[in-house]
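Chains, contacts and geometry: an overview
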Amino acid sequence: MTTTTPRRRPKIQRRTTLSRRQAWKALQAHYKSMQAAHLRTMFADDPQRGSRMSVEAIGVFLDYSKNRITDETIRLLVQLAEESGLREGIEAMFRGEKINVTENRAVLHVALRAPLEASIMVDGENVVPKVHAVLDRIAAFSQRVRSGEWKGHTGKPIRNVVNIGIGGSDLGPVMAYEALKHYTERSLTFRFVSNVDGTDLAEAVRDLQADETLFIVSSKTFTTLETMTNANSAREWSLAGLGGDPASVAKHFVAVSTNAEAVSKFGIDTANMFQFWDWVGGRYSMESAIGLSTMIAIGPDNFLAMLNGSHQMDEHFRQTPFAQNLPVLMGLLTIWYVNFFGAETVAILPYEQYLKRFPAYLQQLTMESNGKHVTLDGKAVSYETSPVYWGEPGTNGQHSFYQLIHQGTRLIPCDVIAFHQPLNPLGRHHDLLMANVFAQTEALAFGKTAEEVKNEGTPDWLVPHRVFEGNRPSNTILAEQLTPEALGKLIALYEHSVFTQGVIWNIDSFDQWGVELGKVLAQRIAPELESKDETSLGHDSSTNSLIRRYRNRRRT
Ligand code: G6Q
């Protein structure tokens, strides 16, 4: 990846080391008094707790009362956010300052959903008009595909759209397509190819006709190994199905990228290239032109509604006092569990089948952003950073891994996400689904005591097995219905929660040098696997012998 990294480290606002901040020390002392406190007692002592410890804003309701906290915990966490410069951090991001210091870039996914009249300056230029110009272009293109006006090489309308991309150029589009399937144009088929494993592409196109298939090559850099390999093979497949005429590429391939030169070299007409900018990080790019497949699927109006939802959350994040601020509260609660209780993971449990890819999407957003071991000024952190995020939709998870959450030895804070209105009303289904939401979070918090188990007539020897300690924390996030606007709000909710955590940990949430390493290493080994001669191998003895073994077997 080409970056504009300067030789010298940019000026970084010095912050007191996290563990020396006053609020941190106060939280450490406070933790001692909270460590053993049980949610059963906290609820019994305070009948208003459930309604008091909740926030509703812009149509998103967060009940955070089933967390192992008191009002004092929130007060101290908010103080920590203030001492950590969160307010200034938010303003710096929205002002377009280059807060991605290791890549010397602004971080402006918020500009992707800013209204036309807004002004956000990067290097002396207002970027909002550029954002809207691209939105207009992708809207016009989407309409042409959706209406059948865009014709393939043989004059047939497009019926299949295949997005080729990986990481940030894949996970957001896949998640949004699945999440908003209810709103999609059902006469079109959508496929997503990311893995360099040939199976991914082979399975994606096996039942498609080339003359009705449009490929969107989505790559910020247009150099990523997986995407370029898949794009080249897709071009071969397409040409083979279209009589080999190179002119067909222009009708069946479009690109989303920041690299016009590489796009044109691939054979895609740059008139069919949709741009974004280096101030949009890959994992923050699904609302840029990277969302082209989403827009073709759901139509421009729905896409704009999603942007509007995210924008509402941006404004909420920017303007609301921290103690009532949804992303700030969620970010702070994560800090509380990770840094004080030693929680290692967070479970994301959407009780909404359409959100089945949301946990996978959030894994990249959270872990690539905050999986960092040094502070902004390059010093090793002396505290834990991002937890591992994972999850599956409810109720399926209840019949597999919830056992560990309820009765295992690890503390796993859970985010439960649900909607009042179903998109597919069907008999009692939605009430039963929601009954599980409320039952699970209740059981996690309050468990079942030995006495209760005994009173059910359980024999003594079996009692310990059937005891639920409870005191397992959860957030319940409710919204009216899974609309494009609601999805936009959820996306921005987590983006800003990640930002809140990153500011407190004083890390760069917007670089991904760990990803860059993988990109380079595989490029080095590939020629060694493909080489006809026994090239000398200069790796360690394990890697050398694995490569030799593969070469020998592959050739036989
Ligand atoms: C995201 C990362 C990474 C990136 C992919 C694809 O923040 O940078 O997941 O999105 O590596 O990169 P390209 O879009 O450049 O192909």
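As a reminder, the structure under discussion sits directly above these lines.
Notes on the structure in this doc start here. Since the structure is predicted, the reported quantities are computational estimates derived from the model, not experimental observations. (Residues numbered from 1 in each chain as written. Predicted model: local features only at pLDDT ≥ 70, side-chain atom pairs only at ≥ 80, totals over all residues. Heavy atoms only, no water.)

**Structural notes on the site of the ligand**
Close contacts around the ligand come from 14 residues, with Ser 169, Ser 219, Thr 221, Thr 224 and Gln 364 the closest. A distance of 2.9 Å is found between an oxygen atom of the ligand and a side-chain nitrogen or oxygen belonging to Glu 368. Look at the ligand: alone it shows 410 Å² of surface, and the protein chains cover 96% of it. (Near = heavy atom within 4 Å. Polar contact = N/O pair within 3.5 Å; in protein donor to acceptor, adjacent residues only side chain to side chain. Areas by Shrake-Rupley, 256 points an atom, 1.4 Å probe, with all protein chains shown as cover.)

**Here we look at the sheet that holds strand S9 (residues 273–275)**
With respect to topology, 5 strands assemble into an open sheet ordered S6-S5-S7-S8-S9, the strand pairing being parallel. Here the strands that pair on one side only, and so sit at the sheet edges, are strand S6 (189–193) and S9. Each strand axis lies, on average, 20 degrees off the axis of its neighbour in the sheet, ignoring direction. Relative to strand S7 (residues 213–218), strand S5 (residues 160–164) is paired through 5 bridges, and the arrangement is parallel. Bridge pairing in S7 places Val 161 opposite Leu 214. On the sheet, helix H6 (residues 128–147) packs against S7, strand S8 (253–257) and S9 and is oriented at approximately 145 degrees with respect to S9. (Pairing = 2+ DSSP bridges. Helix = DSSP H or I, 4+ residues; strand = E, 2+ residues; numbered from the N terminus. Axes fitted to C-alpha atoms, helices over the stretch in contact; angles between N-to-C directions. Contact = heavy atoms within 4.5 Å.)

**Digging into the sheet that holds strand S1 (residues 54–57)**
Across the sheet, 6 strands lie side by side as S1-S2-S13-S12-S10-S11; this open sheet has mixed pairing. With one partner strand each, in any of the chains shown, S1 and strand S11 (388–390) form the two edges of the open sheet. Across the sheet, the mean angle separating the axes of adjacent strands is 15 degrees when strand polarity is ignored. Across 3 bridges, strand S10 (residues 345–350) lies against S11 in parallel orientation. Bridge pairing in S11 links Val 346 to Tyr 389. Against the sheet, helix H14 (residues 326–340) makes contact with S1, strand S2 (60–63), S10, S11, strand S12 (414–419) and strand S13 (474–479), and its axis sits at roughly 30 degrees relative to S2, the strand it touches most. The sheet contacts of helix H20 (residues 484–505) involve S2, S10, S11, S12 and S13, and relative to S12 the element is tilted by about 160 degrees.

**Notes on the packing of helix H4 (residues 71–83) against H14**
Running from amino to carboxyl end, H4 crosses H14 at an angle of 100 degrees, the nearest separation of the two axes being 10 Å. In this view, H4 runs roughly perpendicular relative to H14, as classed from their interaxial angle. Contacts between H4 and H14 involve Thr 73, Ile 74, Leu 77, Val 78, Leu 80 and Ala 81 from the first element and Leu 329, Leu 332, Ile 335 and Trp 336 from the second. The residue inventory of the contact of H4 with H14, partitioned by class, reads 9 nonpolar, 1 polar and no charged. (Parallel < 35°, antiparallel > 145°, perpendicular 65-115°, else oblique. Nonpolar A, V, L, I, M, F, W, Y, C, P; charged D, E, K, R; others polar.)

**A short note on the environment of Ala 240**
Looking at the element boundaries, Ala 240 is found in helix H9 (residues 225–241). Under the relative-accessibility criterion, Ala 240 is labelled exposed at 68%. Spatially, the C-alpha atoms of Ala 240 and Ala 210 are 8.3 Å apart, while their sequence positions differ by 30 residues. (Buried < 20%, exposed > 50% of the residue type's maximum accessible area, 1.4 Å probe, protein only.)

**Let's talk about the pattern of salt bridges**
Evaluated as defined, the whole model comprises 26 salt bridges. A salt bridge links Glu 97 to Arg 95; the shortest N-O distance between them is 2.6 Å. For Glu 97, a relative accessible area of 36% corresponds to the partly exposed category. Classification of Arg 95 as partly exposed rests on a relative accessible area of 47%. Put simply, Lys 181 and Glu 178 hold a salt bridge, and the shortest N to O gap is 3.5 Å. (Salt bridge = Lys/Arg side-chain N within 4 Å of Asp/Glu carboxyl O.)

**Considerations on H20**
A rise of 1.5 Å per residue sets the reference length of H20, with its 22 residues, at 32 Å; its end C-alpha atoms lie 32 Å apart and thus fit the reference within 8%. Most of H20 sits out of view: 21 of its 22 residues are buried. Looking one or two residues beyond H20, the residue adopting positive phi is Asn 506, at roughly 60 degrees. (Expected span 1.5 Å × (residues − 1).)

**Some details on the pairing of S7**
Burial runs high along S7: 6 of the 6 residues are buried. Burial along S7 is two-sided: the face carrying Thr 213, Phe 215 and Val 217 and the face carrying Leu 214, Ile 216 and Ser 218 are both buried. Pairing geometry for S7 and S8, over 4 bridges, is parallel. Bridging from a neighbouring strand, Phe 215 pairs with Phe 253 of S8.

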